[in-house]
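Topology and contacts: notes
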Amino acid sequence: MRIQDIIEGKKKWRAHMARVKALPQDYQIVYKEIQKYLFKVGPVELTEGTDLLTGIIDLFEEGATLGKGVLEVTGSDVAAFCDDLIKDSKTYADIYQECVDQEVNKAMKKVTDK
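Conventions adopted
- Residues numbered from 1 in each chain as written.
- Predicted model: local features only at pLDDT ≥ 70, side-chain atom pairs only at ≥ 80, totals over all residues.
- Heavy atoms only, no water.
- Helix = DSSP H or I, 4+ residues; strand = E, 2+ residues; numbered from the N terminus.
- Expected span 1.5 Å × (residues − 1).
- Buried < 20%, exposed > 50% of the residue type's maximum accessible area, 1.4 Å probe, protein only.
- Arc of directions from axis to C-beta.
- Contact = heavy atoms within 4.5 Å.
- Salt bridge = Lys/Arg side-chain N within 4 Å of Asp/Glu carboxyl O.

With respect to helix H1 (residues 3-21)
For H1, which comprises 19 residues, the first-to-last C-alpha distance of 27 Å matches the rise-based estimate of 27 Å (1.5 Å per residue) to within 8%. Looking only at H1, the buried set comprises His 16, Met 17 and Val 20. Each buried residue of H1 sits inside an arc of 95° when the element is viewed along its axis, so together they form one side. Facing away from the buried side of H1 by more than 90 degrees, the exposed set consists of Ile 3, Lys 11 and Arg 14.

Take a look at the structure:
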């Protein structure tokens, strides 16, 4: 990765976070929880850019403009909202599960081939 790419990435992230800070307080709180949740659950696409998070901000800005409370936008089950957003995305959990399955299958094959 080139230094220019790192600098550009930091600029984009700062602009992204400035948009978050411009949201009403309730939206900021829920956004931060969504961000934490997504970073823990680990959709692979989060490492490739901020498109998913930017889409959430777009949705939140629209909701705030319409005068809606954040839970009117996400629903009261914010984790379910997040899961729905990433339902078609490969996550690090998926990759780990595949790895575990492969290791178990390899180990079982060794045991049963004896």
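So, next bit.
Focus on the environment of Thr 54
Relative to the helices and strands, Thr 54 is located in helix H3 (residues 51-65). Accessibility expressed as a relative area gives 22% for Thr 54, which makes it partly exposed. Here the alpha-carbon distance between Thr 54 and Leu 23, two residues 31 residues apart in the chain, equals 13 Å. Among residues more than four places away in sequence, those in contact with Thr 54 are His 16 and Arg 19.

With respect to the pattern of salt bridges
On inspection of all chains with the given rule, the structure shows five salt bridges. For Arg 19, the salt bridge is made with Asp 58, and the minimal N-O distance between the two is 2.5 Å. With Arg 19 in helix H1 and Asp 58 in helix H3, this pair connects stretches of sequence that are 39 residues apart. The exposure class assigned to Arg 19 is partly exposed, which follows from its relative accessible area of 24%. Residue classification places Asp 58 among the partly exposed residues on the basis of a relative accessible area of 38%. Salt-bridge contacts for Glu 33 lead to Lys 36; the nearest nitrogen and oxygen are separated by 2.9 Å. Taken together, the positions of Glu 33 and Lys 36, both in helix H2 (residues 25-41) and three residues apart, correspond to about one turn of that helix. Through salt bridges with shared partners, one network takes in Arg 19, Asp 58 and Glu 61.

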